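Reading the structure
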Amino acid sequence: MLRRGCVLIIILKNVKLVKEDNTIISADIVAENGIIAEICEAADYTPGKSPAAGDEDTTVSAGSVNENSRAGNCEVIDCGGRLLMPGFIDAHVHLREPGFEQKETVRTGTMAAAAGGFTTVFPMPNLKPVPDNPDIMKEYIEKINREKVVNVLPYASITMGEKGQQVVDMKSLLSAGAIAFSDDGVGVQSDEVMLKAMKAAASQDTIIVAHTEDNSLKNAGCVHQGEYAEKMGWRGIPSACEYAQAERDIKLAEETGCRYHICHVSAKETIELVRKAKKEGLKVTCEITPHHLTLIDEDVKDANGKMNPPLRSRADRDALVEAIKDGTADIVATDHAPHTKEEKSRAIETAPFGIVGLETAFPVLYTKLVRTGMITLKRLQEVMSEVPAEIFGLKNTGRIKEGMNADLVLIDTDTEYSINPEEFKSMGKNTPYGGEKVFGKILLTMVGGNIVYDVR
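Let us look at the structure shown here. Small disclaimer: the values here were computed from a predicted structure and weren't measured.

The topology assignment puts K13 in strand β1 (residues 9-18). Expressed as a C-alpha distance, the spacing of K13 and R379, which sit 366 residues apart in the sequence, is 25 Å. Within the local environment of K13, its side chain forms a polar contact with the side chain of D28, the two groups lying 3.2 Å apart.

Attention shifts here to the sheet that holds strand β5 (residues 88-93). Spatial ordering of the open sheet is given by β5-β6-β7, a layout of three strands whose pairing is parallel. Looking at the sheet topology across the chains shown, the edges are occupied by β5 and β7 (151-152). The pairing of strand β6 (residues 118-123) with β7 spans two bridges and is parallel. Paired with T120 across the bridge in β7 is N151. Against the sheet, helix α12 (residues 377-391) contacts β5 and β6, and its axis sits at roughly 70 degrees relative to β5.

Moving on, we get to the pattern of salt bridges. Tallied over the entire structure, the rule returns 26 salt bridges. Its salt-bridge partner being E97, residue K143 comes within 3.1 Å of it at the nearest N-O pair. Taken together, the residues K143 in helix α2 (residues 134-147) and E97 in the loop between β5 and α1 (106-115) connect sequence positions 46 residues apart. Judged by its relative accessible area of 24%, K143 is partly exposed. Judged by its relative accessible area of 8%, E97 is buried. Residues joined in a network through salt bridges with shared partners are E20, K378, E386, E390 and R399.

Next up on the list: the side chain of T120. Take T120: it is sitting in strand β6. For T120, a relative accessible area of 2% corresponds to the buried category. In this structure, T120 is in contact with F88, I89, D90, N151, L153 and L394, ignoring residues within four places of it in sequence.

The next subject is α2. Helix length check: α2, at 14 residues, gives a terminal C-alpha distance of 20 Å against a target of 20 Å (1.5 Å per residue), a fit within 8%. Along α2, the positions that sit buried rather than exposed are M137, Y140, I141 and I144. With its buried residues spanning 100 degrees around the axis, α2 presents them on a single face. Residues of α2 that are exposed and angled more than 90 degrees away from the buried face: D135, E139 and R146.

Moving on to the pairing of strand β2 (residues 24-32). Judged by how many residues are buried, β2 sits mostly within the fold: eight of nine residues are covered. Of the pairings in the sheet, the one linking β1 to β2 comprises eight bridges and is antiparallel in character. Note on β2: the bridge partner recorded for L17 is I25. Between β1 and β2, which pair antiparallel in sequence order, lie five residues; one of them, N22, sits at a positive phi of approximately 70 degrees. Sheet topology note: the β2/strand β3 (residues 35-41) ladder contains six bridges and is antiparallel. Among the inter-strand pairings, V30 is bridged to a residue of β3, identified as E38.

We now examine the packing of helix α4 (residues 191-204) against helix α6 (residues 240-256). It is the contact of α4 with α6, at a shortest axis distance of 10 Å, that shows an interaxial angle of 40 degrees. In terms of orientation, α4 lies oblique with respect to α6. Here the hand of the crossing between α4 and α6 comes out right-handed. Residues D191, M194, L195, M198, K199 and A202 of α4 lie in contact with α6, whose contacting residues are R248, D249, L252, A253, E255 and T256. Residues of the contact of α4 with α6, tallied by class, amount to six nonpolar, one polar and five charged.

Glancing now at α12. For α12, spanning 15 residues, the distance from its first C-alpha to its last is 20 Å, which sits close to the expected 21 Å at 1.5 Å a residue. Its maximal kink placed at V383, α12 deviates by approximately 45 degrees. Among the 15 residues in α12, 14 count as buried, and that is most of the element.

This paragraph deals with the sheet that holds strand β14 (residues 408-412). Read from one edge to the other, the open sheet built from seven strands follows the order β3-β2-β1-β4-β14-β17-β18, with strand pairing classed as mixed. Looking at strand neighbours, the two that pair on one side only are β3 and β18 (450-454), the edges of this open sheet. Sheet twist, expressed as the mean angle between neighbouring strand axes with direction ignored, is 30 degrees.

Definitions and limits used
- Residues numbered from 1 in each chain as written.
- Predicted model: local features only at pLDDT ≥ 70, side-chain atom pairs only at ≥ 80, totals over all residues.
- Heavy atoms only, no water.
- Helix = DSSP H or I, 4+ residues; strand = E, 2+ residues; numbered from the N terminus.
- Polar contact = N/O pair within 3.5 Å; in protein donor to acceptor, adjacent residues only side chain to side chain.
- Pairing = 2+ DSSP bridges.
- Contact = heavy atoms within 4.5 Å.
- Axes fitted to C-alpha atoms, helices over the stretch in contact; angles between N-to-C directions.
- Salt bridge = Lys/Arg side-chain N within 4 Å of Asp/Glu carboxyl O.
- Buried < 20%, exposed > 50% of the residue type's maximum accessible area, 1.4 Å probe, protein only.
- Expected span 1.5 Å × (residues − 1).
- Arc of directions from axis to C-beta.
- Parallel < 35°, antiparallel > 145°, perpendicular 65-115°, else oblique.
- Left-handed = near helix turned anticlockwise from the far one by under 90°.
- Nonpolar A, V, L, I, M, F, W, Y, C, P; charged D, E, K, R; others polar.
- Bend = angle between axes of the 7 residues up to and from the residue.

What is shown is where atoms sit, not what they do.
Now the structure itself:
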């Protein structure tokens, strides 16, 4: 159910909240005019099992908010002891519009975001036209504002037309509304151009968000270069294709003092570079996708498992999980990349790279990482909500605190269900998770106090 218009007062009764120490409390939440006005908490408790196990016996009763004492237009929602988290923030999505509306639109992509519990998304600029000047960016943002269901903060490109030759006017693009700068889809091949870009970004205190890919090493591959690719007779993409350019960029970031963020890290070598950069105090952050955290190259069966960078080895996947666990990796981002069914029905060698991820991210990560004890629920909340807000300077979202925007997601963590791509709000159905049984169904998503998704 989609509701339009913000109810003046919404009371969310009997929710579970994740505390800083990974304990779970029960609470009532009051949102007024789109802002979290009151959090009435019950006493903390330390569950004998993770809340992932669905143990309701240790839940204490929620705090008491008296809705009868509140005047005005008030809606009370009994949440039945379900998990409430700050709305998820995805720093890497492809909404495809303008230029590729046969794959996705701003409307359908943000509907998918709402269905996945995301309240803020950052779309990449590999569009037609590329948002590489203020006029195009302003027109793009006007389109976004007409069509969006959740908050949308667009990137501008690093170089004109994403051609890797001329650095854009970053100051004017930031004034026009760009959140940061990326040439996602292609790596900036020229050392000189990337140096200029980082100097410009440093002067504006903005972020270079880099797709690290050395084209000279790409090898026209479609999967990770390794034993599985050889077995299947597929041309492989070596890990050096990613980490060689990441190594170059980190050196340039050190030289310029630029804030530098690496997209969709897939290789264990890249993680080690980030770990070293952080120890040296550099302004380096990175993201990992849900699919790189939960799948490996041997899981690729057809084009729905083809993405760039590719799914890599078990050792790589284990290193990525450890990086999320220990804080080397900062955030999760989906790299939501819808394609048409016709495109993804082609042979893997000729099909386009990319999978959709907005509607599967939380349940997949919750089921495969939290319920198995690999990471805590608190850590998942950090990488999906809290830390993205911190990195990109979003002051009013990412946490459940009084005075913050009521960007919230209600989740059923106890009921198992099967992922059905035909039920996606996204136009793209290209996922390797079709048919998998998971926990963590999104029930309700609220953006600024407005309910934008509701299947309770």
